[in-house]
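# Reading the structure
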Amino acid sequence: EAGVTQFPSHSVIEKGQTVTLRCDPISGHDNLYWYRRVMGKEIKFLLHFVKESKQDESGMPNNRFLAERTGGTYSTLKVQPAELEDSGVYFCASSQLLAGGSYEQYFGPGTRLTVT
Amino acid sequence: AQSVTQLGSHVSVSEGALVLLRCNYSSSVPPYLFWYVQYPNQGLQLLLKYTTGATLVKGINGFEAEFKKSETSFHLTKPSAHMSDAAEYFCAVTQGSSASKIIFGSGTRLSIRP
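Here the residue index of a chain counts from 1 through its sequence in written order. Each chain takes a letter, starting from A, and each ligand takes a number, starting from 1, following the order in which they are written. Reporting of local features is limited, given that this is a predicted model, to residues whose pLDDT is at least 70; pairs of side-chain atoms are given and counted only at 80 or more, and all residues count toward the totals for whole chains, interfaces and linings. Only hydrogens and water are set aside; all other atoms, that is, all heavy atoms of the structure, feed into the side-chain values.

On a plain count of helices and strands, chain A comes out with zero helices and 11 strands. Counted from the first residue to the last, chain A has its helices and strands arranged as β-β-β-β-β-β-β-β-β-β-β. Based on C-alpha atoms, the radius of gyration is set beside the globule rule, defined as 2.2 Å times the residue count to the power 0.38. Here chain A has a C-alpha radius of gyration of 14 Å; the compact-globule value for 116 residues is 13 Å, and the two agree. Throughout, exposure labels follow a simple rule: accessible area from a 1.4 Å probe, protein chains only, divided by the maximum for the residue type, with under 20% read as buried, over 50% as exposed, and the rest as partly exposed. Sorting the 116 residues of chain A into buried and exposed places 47% on the buried side. In chain A, of all internal contacts separated by at least 6 residues, the share reaching a separation of at least 24 is 52%. Per-residue and other accessible areas follow the Shrake-Rupley method at a 1.4 Å probe size, with only the shown protein chains counted as cover for residues. With the model as given, the accessible surface of chain A reaches about 5800 Å², and the carbon-plus-sulfur share is 49%. Between the averaged position of the 12 positive side-chain charges in chain A and that of its 13 negative side-chain charges there is a distance of 4 Å. Secondary structure follows DSSP: runs of H or I at least 4 residues long count as helices, runs of E at least 2 residues long count as strands, and numbering of each begins at the N terminus. Between two residues, a contact is recorded if the distance between any of their heavy atoms is within 4.5 Å. Charged residues are defined narrowly, with Lys and Arg counted positive, Asp and Glu counted negative, and His plus the chain ends left uncounted. By convention, the charge on Lys lies at NZ, on Arg at CZ, on Asp at CG and on Glu at CD.

What follows is about the state of the cysteines. Residues and elements named next belong to chain B. Note on terminology: pairs of cysteine sulfur atoms within 2.5 Å are recorded as disulfides. The tally for this structure, following the rule as stated, stands at two disulfides over all chains. Between the sulfur atoms of Cys23 and its disulfide mate Cys91 the distance is 1.9 Å. Between Cys23 and Cys91, the S-S dihedral sits near -65°, and the bridge is therefore left-handed. Taken together, the positions of Cys23 in strand S3 (residues 19-26) and Cys91 in strand S9 (residues 87-95) put the pair 68 residues apart, joining distant regions of the chain. Taking relative accessible area as the criterion, Cys23 reaches 0% and is therefore assigned buried. The buried category is assigned to Cys91, whose relative accessible area is 0%.

Whether a set of points on the 1 Å grid over the protein atoms alone is a cavity depends on a 1.4 Å probe fitting there but being unable to get out, while an open set qualifies as a pocket with protein on both sides within 12 Å along at least five of seven lines; lining residues are those with an atom within 4 Å of a point. Grid points are joined across faces, edges and corners, and a volume is the space filled by probe spheres set on the points. Approximately 670 Å³ is the volume found for the largest pocket. Together, 24 residues line the largest pocket, and Val89, Phe91 and Arg112 of chain A together with Gln38 and Asn41 of chain B are the ones closest to its centre. Of all the elements in the fold, those that place two or more residues in the lining of the largest pocket are strand S9 (88-95) and strand S11 (111-115) of chain A together with S9 of chain B. Residues belonging to the lining of the largest pocket are distributed by class as follows: nine nonpolar, 11 polar and four charged. As a working rule, the residues Ala, Val, Leu, Ile, Met, Phe, Trp, Tyr, Cys and Pro are called nonpolar, Asp, Glu, Lys and Arg charged, and the rest polar, with Gly in that last group.

Bringing the sheet that holds strand S1 (residues 5-7) of chain A into the picture now. Residue and element names in this part refer to chain A. Any two strands with at least two DSSP-identified bridges between them are counted as paired. Ordered by their spatial adjacency, four strands build an open sheet running S1-S3-S8-S7, and the pairing between neighbours is antiparallel. The strands lining the two open edges of the sheet, one partner per strand, are S1 and strand S7 (65-68). Pairs of neighbouring strands in the sheet enclose a mean axial angle of 15°, with direction left out of account. Note that S7 and strand S8 (residues 75-79) share four bridges and pair antiparallel. Looking at the pairing, Leu66 lines up with Lys78 of S8. Note on definitions: angles span 0 to 180 degrees between N-to-C directions of axes, and those axes are lines fitted to C-alpha atoms, for helices only across the stretch in contact.

No statement about biological role is implied by the geometric values presented.
Written as structure tokens, this is what we have:
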């Protein structure tokens, strides 16, 4: 079974440009999450989808960030316009309810975004 | 609110020595606790997790962690370090049996000396 995949693995853009990151969750996982790690800091939650609906977007830093999950499958995270402080690694994760009643989030390899 | 504190951003041990990575948490509800590992140029991989039941949990690659409620700790240990253990380790917490977000610690980079 394929894991969580993210595209691209690396992206280098100039300040003011737009970048779109994509995440494909594990097939059948209704929950999809975005996290990011800015240089030297902890990994922070951005938002959580349940199917196509945003369950929690309390971590989105500002309105330059737009996340979508069309049809409840893959998700995109668009940054427009990008700023220097947006540089970091963006992780996607997905989860489903396990037999024991808990959830386990499976993470993708991340997209390293560099804004110059 | 939940939070996680990892003591030591960088830990260095000799090959064959004990590995001890410290983690303390704060949670107003029964926590689910995790340790994730990130090897160079790879994504986050779950090492082990505590949900309910036995407080000593065993994970992959010989790692284990013990949930101590009285100390609000979930320290990660491995009796004998191997060169391949060099990576960054993250302690994390989430709310019980909820699908809610994970709160991560700041990470501890583990180096292994030959």
